[in-house]
Amino acid sequence: MTDAPAWIHKGAFVRDRTAGVEGEITQIGSGYNCVDPQASYVWLRPVGGGLEHLAQIDDLEQARP
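Criteria and thresholds
Residues numbered from 1 in each chain as written. Predicted model: local features only at pLDDT ≥ 70, side-chain atom pairs only at ≥ 80, totals over all residues. Heavy atoms only, no water. Salt bridge = Lys/Arg side-chain N within 4 Å of Asp/Glu carboxyl O. Helix = DSSP H or I, 4+ residues; strand = E, 2+ residues; numbered from the N terminus. Buried < 20%, exposed > 50% of the residue type's maximum accessible area, 1.4 Å probe, protein only. Pairing = 2+ DSSP bridges.

S.K.: Please explain the pattern of salt bridges as it appears in this structure.
M.R.: It is possible for side chains of opposite charge to pair when their charged atoms get near one another. Taken as a whole and assessed by the stated rule, the structure comprises four salt bridges. Where E24 meets R45, a salt bridge forms, and the shortest distance between an N and an O atom there is 3.8 Å. With E24 in strand β2 (residues 21–28) and R45 in strand β3 (residues 41–46), this residue pair connects regions lying 21 residues apart in the sequence. What makes R45 partly exposed here is its relative accessible area of 42%. One connected set of salt bridges, linked through shared partners, spans R15, E22 and E61.

S.K.: Help me out: how do you make sense of the pairing of strand β1 (residues 13–16) in this one?
M.R.: For a regular strand, side chains alternate in direction, first toward one face of the sheet and then toward the other. Residues V14 and D16 point to one face of β1 and are all buried, whereas F13 and R15, pointing to the other face, are not buried. The pairing of β1 with β2 spans four bridges and is antiparallel. Of the residues in β2, the one forming a bridge with D16 is V21. Here β1 hands over to β2 after four residues, with G20 in that stretch at a positive phi of 70 degrees. With three bridges connecting them, β1 and strand β5 (residues 60–62) associate as antiparallel partners. Note on β5: the bridge partner recorded for V14 is Q62.

Listed below in structure tokens is the structure:
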């Protein structure tokens, strides 16, 4: 992944198509690399609660416009 789409940002609601998880983006980047200008992963806080979910940006779609 080179550049994330404009709708990938903290606070956006997205759906991970491969895992079926919908949630709010809480962090961009895997968390293992503090400086990640071309992040490939985001952390999601699932709707309804539960553990945060690490998802690949390429597997995401907008859940709410």
